[in-house]
Amino acid sequence: TVTNNLPGTEKVQEGTLKVASAVKLGSVAVSLEGRCLELSANATVFYKIYAANHDIDIFTTRSTAELSGTLSGSNAITKKGSGTLEITGTNNLTGTAKVQEGTLKVASADKLGSGALSLEGGELELSANATVTNNISSSNDSSAIDTGTNTVAVSGTLSGSNAITKKGSGTLEI
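The subject of this paragraph is the pairing of strand β11 (residues 84-87). A regular strand places its side chains on the two faces of the sheet in alternate fashion. Burial along β11 is two-sided: the residues Thr-84 and Glu-86 and Leu-85 and Ile-87 are all buried. Both β11 and strand β13 (residues 103-106) contribute to a ladder of four bridges, which runs parallel. Looking at β13, one finds that Glu-86 is bridged to Lys-105.

This is the structure:
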């Protein structure tokens, strides 16, 4: 086990940065410059994450990872891996949020950022009542929206080549 006391921004310029806990990231920010952050255990990441220069991937294994820091950048972010990624911090991303595997969990629609949402085999879970204004596309029959016990309204455009499965006992309004 290593303690990371480095100040400043952690930059990932190539390959994957794999961490078992948020404490391993240091104390300020992570700049993903077209690369991958893999969270291999249950973790809460409190720090700012920048999607700089290129699209980025955030990979969660069977774990649940929470991003409570600020997300920013104009590039796409892709959720990969079978685990759950929960965004609880401010999301200023303007690029497309892609869910290829596992679950992207949010309590409110603003946690999705202002770009489009692309369900590519993963699931969007809304843990509270919400109105989603993002455009949503589906390119895989295993894509889903889980309302839990909540009422979720979708006012953006729905498109794509595949169906979206509605999960949860709540209401999905289109």
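So that's the structure; there's more coming.
Of all hydrophobic cores here, the largest spans 31 residues; its most connected members are Leu-117, Leu-126 and Val-132. In this view, Val-132 contacts Ala-109, Leu-112, Leu-126, Val-152, Ala-153, Val-154, Ser-155 and Gly-156; residues no more than four positions away in its chain are not counted.

For Thr-84, the location among the structural elements is in strand β11. Given the relative accessible area of 19%, Thr-84 is considered buried.

Moving on, we come to the pairing of strand β6 (residues 48-51). The alternating pattern of β6 places Ile-49 and Ala-51 on a buried face, while none of Lys-48 and Tyr-50, on the opposite face, is buried. Note: β6 against strand β9 (residues 71-73), three bridges, orientation parallel. Note that in β9 the partner of Ile-49 across the bridge is Leu-71.

What follows is about the sheet that holds β13. Spatially, seven strands are ordered β5-β8-β11-β13-β15-β18-β21 in an open sheet, and the strand pairing comes out parallel. A strand with exactly one partner marks an edge of an open sheet, and here the two such strands are β5 (43-45) and β21 (165-167). Neighbour to neighbour, the strand axes of the sheet diverge by 20° on average, direction disregarded. Bridge count between strand β15 (residues 123-126) and strand β18 (residues 144-146): three bridges; the pairing is parallel. Within β18, the position partnered with Leu-124 by the bridge is Ile-145.

Parameters at a glance
- Residues numbered from 1 in each chain as written.
- Predicted model: local features only at pLDDT ≥ 70, side-chain atom pairs only at ≥ 80, totals over all residues.
- Heavy atoms only, no water.
- Buried < 20%, exposed > 50% of the residue type's maximum accessible area, 1.4 Å probe, protein only.
- Helix = DSSP H or I, 4+ residues; strand = E, 2+ residues; numbered from the N terminus.
- Pairing = 2+ DSSP bridges.
- Core = buried A, V, L, I, M, F, W, Y, C linked by side-chain atoms within 4.5 Å.
- Contact = heavy atoms within 4.5 Å.
- Axes fitted to C-alpha atoms, helices over the stretch in contact; angles between N-to-C directions.

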